[in-house]
Protein chains: 4
Amino acid sequence: MEVTTIKRIAVLTSGGDAPGMNAAIRAVVRTGFYYNLEMFGIYRGYEGMIQNEIKKLESKHISHVLERGGTFLKSARSTEFRTPEGRKKAFENLQKHGIDALVVIGGDGSLTGAHLFYKEYGIPAIGIPGTIDNDLAGTDLTVGFDTACNTAIEAIDKIRDTATSHDRLFFVEVMGRDAGFIAINAGIGSAAAATLIPEKKMPIERLVERLKARTKAMKQSNIVIVAEGGKSGGAAEIAEKIKKQLPYYDIKVTILGHLQRGGAPSAMDRVLASKLGVAAVEGLLQGKYDVMAGVINNKVVYTPIAKAIVGSKEVDEDDFRVVRILST
Amino acid sequence: MEVTTIKRIAVLTSGGDAPGMNAAIRAVVRTGFYYNLEMFGIYRGYEGMIQNEIKKLESKHISHVLERGGTFLKSARSTEFRTPEGRKKAFENLQKHGIDALVVIGGDGSLTGAHLFYKEYGIPAIGIPGTIDNDLAGTDLTVGFDTACNTAIEAIDKIRDTATSHDRLFFVEVMGRDAGFIAINAGIGSAAAATLIPEKKMPIERLVERLKARTKAMKQSNIVIVAEGGKSGGAAEIAEKIKKQLPYYDIKVTILGHLQRGGAPSAMDRVLASKLGVAAVEGLLQGKYDVMAGVINNKVVYTPIAKAIVGSKEVDEDDFRVVRILST
Amino acid sequence: MEVTTIKRIAVLTSGGDAPGMNAAIRAVVRTGFYYNLEMFGIYRGYEGMIQNEIKKLESKHISHVLERGGTFLKSARSTEFRTPEGRKKAFENLQKHGIDALVVIGGDGSLTGAHLFYKEYGIPAIGIPGTIDNDLAGTDLTVGFDTACNTAIEAIDKIRDTATSHDRLFFVEVMGRDAGFIAINAGIGSAAAATLIPEKKMPIERLVERLKARTKAMKQSNIVIVAEGGKSGGAAEIAEKIKKQLPYYDIKVTILGHLQRGGAPSAMDRVLASKLGVAAVEGLLQGKYDVMAGVINNKVVYTPIAKAIVGSKEVDEDDFRVVRILST
Amino acid sequence: MEVTTIKRIAVLTSGGDAPGMNAAIRAVVRTGFYYNLEMFGIYRGYEGMIQNEIKKLESKHISHVLERGGTFLKSARSTEFRTPEGRKKAFENLQKHGIDALVVIGGDGSLTGAHLFYKEYGIPAIGIPGTIDNDLAGTDLTVGFDTACNTAIEAIDKIRDTATSHDRLFFVEVMGRDAGFIAINAGIGSAAAATLIPEKKMPIERLVERLKARTKAMKQSNIVIVAEGGKSGGAAEIAEKIKKQLPYYDIKVTILGHLQRGGAPSAMDRVLASKLGVAAVEGLLQGKYDVMAGVINNKVVYTPIAKAIVGSKEVDEDDFRVVRILST
């Protein structure tokens, strides 16, 4: 597929939803209008592309969406898009609508789909990192991560009130899949006694030691942050183990769960999403295909999708050191 | 114990903590100062009374506490206070400090303790209803209930964002022990598809019918509120049953848990706690003992503790009708 | 106009908007559907009735509105509706759509309109109290008041942080028109040094005395709440006077303004609005016309509009006493 | 003053307070403890240094402060510290307590003080950028900026509810002194019709044109963000001018004011403050004096204070372009 000039761009959201996706969609569409393009929305991600759930977007569709959590284009998993037949159907639907280019907002799985699609059908595609997990290279932050951290910290602030009132030990499980970014920030931000992340195995014995030391220091209430994807198990499992070794502790578990995915996006996520929405459309117009738009050091950067996915970001060793110093 | 004039009042919080307890403590202490009394704080509830954790309170102790969740006097369970020996020790400690009267902030168990103590030792005691469960008679609202409802609703607002984006069915479990008050308000306030409360048994079949009807009406995302104390089981158990009967649904469970106990109290809880704090001290000065101060129809009312506990409030039949009409 | 059975109800919002109006509209419409009625929305209040901005409402129009501030039916002032000609046009438009009855959500001005309209044209009309000012008789609370109090208190919590850090005296002006309800609750709820409401004139000298007394007591940071409608002037004016008498104080003024009108409604406002929405439609079906549905002592009560407007609620003397005791 | 090993560090906050200052103090103190140092708090900034308001800090002083707005060490302006005599007194007080080194948390004025003090008395001093204005070079973000942006945006979200309900045009004034950073983020984050910042003069005529164009496009509600330090005047002044040219608009003004300075710090500000607190103490131990610790591109960087102040950051031209594209 050869594209001289892009006239019609479609945008979709895919994978787990993240706060700020609506702001990103709005920015994509509005930037399209700024450059006099026709803009389309594909509903329910790649599945909707296959089912032809494609609609022309107008100004009214993106009015009052910036400040809302979730994605009004909806998201869905698509097993069919993983098959060549599925992708063929999807491509044909794009052709029916005369769509020249694609903006995909989502995490690594979603960007992989865009990459594959570009390689097979040559349709100009650009990605925007939209996931609360912050586990993509090529950008300092992904859209949704900051809001999820704020949500986690606000919830833990509430839990601390009751933990302190009763001198209890709480194990709070936060999201992040295989990545400990939310956990690290929640751990630093909530003065946690300990933070367990998938990237660093902490033996139960060391956690026990630390909690014992705190008891001696008369710190009677404690929050331990546990990232969901850790190899030592989730919050409930670890709490169970600690209970056996420190039976005098009054232990409780809270799994924050899906509320971390919702809510009005933070200022930072709105600004990031807006910048990346502009950058995605301008990138396409400048012939930047098969890349992800990100922000590094306050500047827009385009990274080949293949690199953004593979070279997945790691929790900074320095950040982990900060956690350790401050929770001693 | 005969008391002509009350000079020294002690205040304690007991049982599960609730937002607004600090506001109630502050109001009690400040009202005491207004009437030129000496005020004492008993730390960690009845347990602290037995352990003699009693401290004279000054203006600085209640500065900047009104707006904070939890209770700075802390709370604890006390098995010893349930024994005559424990209560004897407790009473002796009060005498050591020359304490004339007691303000107890807590739920039914805590008020029962105050009642018993008054009957045994004649020490003037007055209760303030402090519990998120709202399950006490003699007051329209208990301190902490309104904040817990707001916390639940704000969390469910976030969950709805992601539920809608993915067309999912969420079972959200809220607190309330044996009472469905938080659940009813959360159900009405979050436009839930269904609300399950301990007071009303809803057969799984009826829930299945309703969800099927909604599917037909193209309402693809759903929130079902489940009160923790229901006989049909918690959110996880009910979700499991529904999954078997409606396998095509994408079902998730969130247990809000202890975050419902914390957080800065709402305006309403601050005002209620403040009024009741004033009323408790003025009640004692007017010779109203063994009663609970409550607010009914915007007016302070004193109810014998025995009645406040026994005649426990029920979810209004009309409220349940509203739930049913609005979630059809 | 004789109505045997009501088949088509129209709902409108009028006057200053209030959080929870959307929840009320939703409840009205959904209750209408429950009773198999046809439901209409009138946009932009009475002005829209005159301009025939009337639309049939379906389920989709009220989806995801309960949790949002403002009113999706919009509100507007209408000078034309105050004229007989305007009301005639309005009535003819209702007839065109075959509308049998009216639900009016708003404050005293809006309810006066409904009352007048009913008297002139006999169209069954019922009111729902929707105003942040809480200045209507016939209901313990008006829809929007609780949210406005929460918004005010959350803002003042923030202001207190900076006031305390700098030992400053802040004059914070809150809304409420001629009524001091928001001010009283904000004053109690924020531990204000003083609260100035329209209903009680406080001489500047007394305020000066109180502030001087606090300075002696080493209370260096202070919040003074000023209701907007006070006869002594707004926050800026009073601050100016105090500055002259207490020049050593570092004084700042914040006028909270319109942010008090917006925001997601609180749990309490959602529940209140929902109950009143159900009550309004059921009231009409039971032949209750020219009344306002309210909640008194947790029960739905219908009050003739004429009484709800005239016998306007007053700030409770007891509440003002609480303010005085707690801010000493 | 020659320092072989640093044993006693004092920390102070100075200038306008910012959310996250408490988190920074806590991190400084806790890191000191980690390295077995004695830690001191200087109350009320440089003024307190002159008045010898210096106190040894222990673990309990920094418990439960991380999550609170403001600064528990308080802040104050000091004219005396600008004189050589004042600084002499201040230095002598530090000597009395055997204080070896200084951590100063504040904006450009506060850092200038540290710089001067270091030059005059050779006392090792390091700065942490703490200001909501974000107007310091040497760091991507200053502590407090992110929270202030969130506060502004949450307030504007509420204002938008009422603006939309009434089709009104709101001029919202945000803080930032001479810098437009908060305004830019608020403008992008709230889908503002226009954003006026001190760095870019926008003629009233162009604003009028844009508002007229929006009216044609049927965008009836509008938010215009005005930075406080703009040369065209504040929100009230600009609103007045627009009113004259667009009399049919229903125009309102809200000045957000000091609430932007308070509130629990955001996750990002807590993490930033914590990192910089660790970096400040470690910097001092590594002999890095007269510098400011900042974070650039997720890495801690030390910049000479003289450079951090002078080369004050500018609003990115690209960010302004994003504002323009998205508010068209």
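All of these numbers come straight from a predicted model, not from anything done at the bench.

**Description of the overall build of chain A**
Then, number 1: Secondary structure summary: chain A contains eleven helices and eleven strands in total.
Then, number 2: Expected size for 328 residues packed as a compact globule is a radius of gyration near 20 Å; at 22 Å, chain A falls within 12% of this value.
Then, number 3: Each of the three principal axes of chain A carries a C-alpha extent, and together these read 70 × 35 × 35 Å.
Then, number 4: Looking at chain A as a whole, 66% of its 328 residues are labelled buried.
Then, number 5: Considering only contacts within chain A whose residues lie at least 6 apart along the sequence, 75% involve residues at least 24 apart.

**Considering the interface of chain D and chain A**
Interfaces are often described in size by the accessible area the parts lose on coming together.
Then, number 1: Taken together, the 46 residues of chain D in the interface contact 46 residues of chain A.
Then, number 2: Around 4000 Å² of area is buried between chain D and chain A when both sides are counted, 53% of it from carbon and sulfur atoms.
Then, number 3: Inspection of the region where chain D meets chain A yields ten salt bridges.
Then, number 4: The salt bridge involving Lys299 of chain A is made with Asp316 of chain D; its shortest N-O contact spans 2.8 Å.
Then, number 5: Taken together, the connections running from chain D to chain A amount to 16 residue pairs in polar contact (both at pLDDT 80 or more).
Then, number 6: Counting only elements with at least two residues in the side of chain D that touches chain A, the list comes to helix H1 (21–34), helix H5 (145–166), helix H6 (181–189), helix H9 (267–285) and helix H11 (317–327) of chain D.

**Side note on the relation of the copies chain D and chain A**
Two chain copies here: they are related by a rotation about an axis and a translation along the same axis.
Then, number 1: With an RMSD of 0.0 Å, the fit of chain D onto chain A corresponds to turning through 180 degrees and sliding 0.0 Å along the axis. Each copy turns onto its partner about a two-fold axis. Closest approach to the rotation axis within chain D is made by the C-alpha atom of Asn297 of chain D, at a distance of 2.3 Å.
Then, number 2: Same-surface contact between copies: 100% of interface residues of chain D are shared with the interface of chain A.

**Here we look at the nonpolar core**
Then, number 1: Among the nonpolar cores identified, the biggest contains 147 residues, and Val103 of chain A together with Val103 of chain B are the most heavily contacted of them.
Then, number 2: Discounting residues that sit within four places of it in the chain, Val103 of chain B has contacts with Ile9, Ala10, Val11, Leu12, Val28, Ile126, Ile128, Ala280 and Leu284 of chain B.
Then, number 3: Listed in part, the 144 residues of the second largest apolar core include Ile159 and Val295 of chain C together with Ala152 and Ala179 of chain D.

**Observations regarding a positive patch on the surface**
Then, number 1: A cluster of like positive charges, contributed by Lys201, Lys231, Lys241 and Lys244 of chain A, occupies part of the molecular surface.
Then, number 2: On the secondary structure map, Lys231 of chain A appears in the loop between strand E8 (222–227) and helix H8 (235–245).

**A word on the domain arrangement of chain A**
Residue and element names in this part refer to chain A.
Then, number 1: Examined at the domain level, chain A breaks down into domain 1 (8–144 + 265–310) and domain 2 (145–261).
Then, number 2: Using only C-alpha atoms to locate each centre, domain 1 and domain 2 end up separated by 34 Å.
Then, number 3: Residue-level contacts link 18 residues of domain 1 with 13 residues of domain 2.
Then, number 4: For the pair domain 1 and domain 2, the summed buried surface comes to about 1200 Å²; carbon and sulfur atoms form 48% of the total.
Then, number 5: If you sort the residues of domain 1 by the area they bury against domain 2, Ile132, Asp133 and Asn134 come out on top, with a joint share of 45%.

**Considering the pattern of salt bridges**
Then, number 1: One pass over the structure, following the stated rule, counts 78 salt bridges over all chains.
Then, number 2: Ionic pairing is found between Arg168 of chain A and Asp250 of chain A, a salt bridge with its closest N-O pair at 2.8 Å. Here Arg168 of chain A, found in the loop between helix H5 (145–166) and strand E6 (169–174), pairs with Asp250 of chain A, found in the loop between H8 and strand E9 (251–255); they are 82 residues apart in sequence, far enough to count as distant.
Then, number 3: Arg168 of chain A gets classed as buried once you look at its relative accessible area, which sits at 10%.
Then, number 4: What you see here is one network of salt bridges that share partners, running through Glu67 and Arg270 of chain A together with Asp157 and Arg160 of chain D.

**Notes on the side chain of Ser110 of chain C**
Then, number 1: Within the element layout of this structure, Ser110 of chain C appears in helix H4 (residues 108–121).
Then, number 2: When residues no more than four places from it in sequence are discounted, the contact partners of Ser110 of chain C are Ser14, Gly15, Tyr46 and Val104 of chain C.

**Some points on the UniProt feature "binding site: Mg(2+)" (unreviewed entry) in chain A**
Residue and element names in this part refer to chain A.
Then, number 1: The UniProt record annotates "binding site: Mg(2+)" (unreviewed entry) at Asp108.
Then, number 2: On the secondary structure map, Asp108 appears in helix H4 (residues 108–121).
Then, number 3: When residues no more than four places from it in sequence are discounted, the contact partners of Asp108 are Asp135, Leu136, Arg177 and Ile309.

**Quick word on a nonpolar patch on the surface**
Residues and elements named next belong to chain B.
Then, number 1: Together, Tyr34, Tyr35 and Leu285 give the surface a local cluster of nonpolar side chains, amounting to about 250 Å² of exposed area.
Then, number 2: As for its placement among the helices and strands, Tyr35 is situated in the loop between helix H1 (21–34) and strand E2 (38–42).
Then, number 3: Looking at Tyr35, the relative accessible area reads 31%, which means it is partly exposed.

**Digging into a negative patch on the surface**
Then, number 1: A cluster of acidic side chains, namely Glu154 of chain A, Glu154 of chain B, Glu154 of chain C together with Glu154 of chain D, defines a negative patch on the protein surface.
Then, number 2: If you trace the backbone, Glu154 of chain D turns up in helix H5.
Then, number 3: Overall, the relative accessible area of 44% leaves Glu154 of chain D in the partly exposed class.

**Let's talk about H1 of chain B**
All names here are of chain B.
Then, number 1: Relative to the 20 Å expected for 14 residues at 1.5 Å per residue, H1 spans 20 Å between its end C-alpha atoms, a close match to the ideal helical length.
Then, number 2: For H1, the full list of buried residues reads Met21, Asn22, Ala23, Ala24, Ile25, Arg26, Ala27, Val28, Val29, Arg30, Thr31 and Gly32.
Then, number 3: Just downstream of H1, Asn36 is the residue with a positive phi angle, here 60 degrees.

**Notes on the sheet that holds strand E8 (residues 222–227) of chain C**
All names here are of chain C.
Then, number 1: With parallel pairing, four strands are arranged side by side in an open sheet as E7-E8-E6-E9. Two strands bound the open sheet, and with one partner strand each, they are strand E7 (194–196) and strand E9 (251–255). Averaged over all neighbouring strand pairs, the angle between strand axes comes to 20 degrees, with direction disregarded.
Then, number 2: Examined bridge by bridge, strand E6 (residues 169–174) and E8 share six bridges and lie parallel to one another. Paired with Val172 across the two strands is Ile225, which belongs to E8.
Then, number 3: Sitting on the sheet, helix H7 (residues 204–216) is in contact with E6, E7 and E8, with an inclination near 160 degrees to E8.

**Topic: the packing of aromatic side chains**
Then, number 1: The full count for this structure, using the stated rule, is 36 aromatic pairs over all chains.
Then, number 2: Look at Tyr46 of chain B and Phe81 of chain B: their rings are 4.1 Å apart centre to centre, the planes differ by 15 degrees, and that puts the pair in the stacked class. With Tyr46 of chain B in helix H2 (residues 45–50) and Phe81 of chain B in the loop between strand E3 (54–56) and helix H3 (84–96), this residue pair connects regions lying 35 residues apart in the sequence. There is no split in this pair, since Tyr46 of chain B and Phe81 of chain B are both buried.
Then, number 3: With centroids separated by 5.1 Å and ring planes inclined at 85 degrees, the aromatic side chains of Tyr34 of chain C and Tyr35 of chain C adopt a geometry described as edge-to-face.
Then, number 4: By relative accessible area, Tyr34 of chain C is classed as partly exposed at 37%.
Then, number 5: Following the ring pairs from residue to residue traces out a cluster consisting of Tyr46, Phe81, Phe91, Phe117 and Tyr121 of chain A.

**Focus: unusual backbone geometry**
In most cases, non-glycine residues show a negative phi, while peptide bonds are predominantly trans.
All names here are of chain C.
Then, number 1: One non-glycine residue with positive phi stands out, namely Asn36, at about 60 degrees.
Then, number 2: Tracing the chain through its elements places Asn36 in the loop between helix H1 (21–34) and strand E2 (38–42).
Then, number 3: Taking the relative accessible area as the measure of exposure, Asn36 reaches 71% and is therefore exposed.
Then, number 4: Its identity as a non-glycine residue notwithstanding, Asp167 has a phi of 50 degrees, on the positive side.
Then, number 5: The topology assignment puts Asp167 in the loop between helix H5 (145–166) and E6.

**Thoughts on the sheet that holds E2 of chain C**
Residues and elements named next belong to chain C.
Then, number 1: Spatial strand order, E3-E2-E1-E4-E5-E10-E11: seven strands in an open sheet with mixed pairing. The sheet terminates laterally at strand E3 (54–56) and strand E11 (299–304), the two strands that pair on one side only. For this sheet, the mean inter-axis angle between neighbouring strands, taken without regard to orientation, is 25 degrees.
Then, number 2: Pairing analysis gives four bridges linking strand E1 (residues 8–13) to E2, with the strands arranged parallel. Of the residues in E2, the one forming a bridge with Ile9 is Met39.
Then, number 3: Here H4 sits on the sheet in contact with strand E4 (101–106), strand E5 (125–129) and strand E10 (291–296), set at roughly 160 degrees to E4.
Then, number 4: Taken strand by strand, helix H9 (residues 267–285) contacts E1, E4, E5, E10 and E11, and its axis lies near 170 degrees from that of E5.

Calculation criteria
Residues numbered from 1 in each chain as written. Chains lettered and ligands numbered in written order. Predicted model: local features only at pLDDT ≥ 70, side-chain atom pairs only at ≥ 80, totals over all residues. Heavy atoms only, no water. Helix = DSSP H or I, 4+ residues; strand = E, 2+ residues; numbered from the N terminus. Rg over C-alpha atoms; globule rule 2.2 N^0.38 Å. Buried < 20%, exposed > 50% of the residue type's maximum accessible area, 1.4 Å probe, protein only. Contact = heavy atoms within 4.5 Å. Buried area = accessible area lost by both parts, 1.4 Å probe. Salt bridge = Lys/Arg side-chain N within 4 Å of Asp/Glu carboxyl O. Polar contact = N/O pair within 3.5 Å; in protein donor to acceptor, adjacent residues only side chain to side chain. Least-squares fit on C-alpha atoms with pLDDT ≥ 70 in both. Core = buried A, V, L, I, M, F, W, Y, C linked by side-chain atoms within 4.5 Å. Patch = residues over 30% accessible without salt bridge, like charges linked within 9 Å, V, L, I, M, F, W, Y side chains within 5 Å. Areas by Shrake-Rupley, 256 points an atom, 1.4 Å probe, with all protein chains shown as cover. Lys, Arg positive; Asp, Glu negative; His and termini not counted. Charge placed at Lys NZ, Arg CZ, Asp CG, Glu CD. Domains from an automatic or database assignment. UniProt positions renumbered as here; feature names shortened; annotations may be inferred. Expected span 1.5 Å × (residues − 1). Pairing = 2+ DSSP bridges. Axes fitted to C-alpha atoms, helices over the stretch in contact; angles between N-to-C directions. Phe/Tyr/Trp six-rings, centres within 6.5 Å; stacked < 30°, edge-to-face > 60°.

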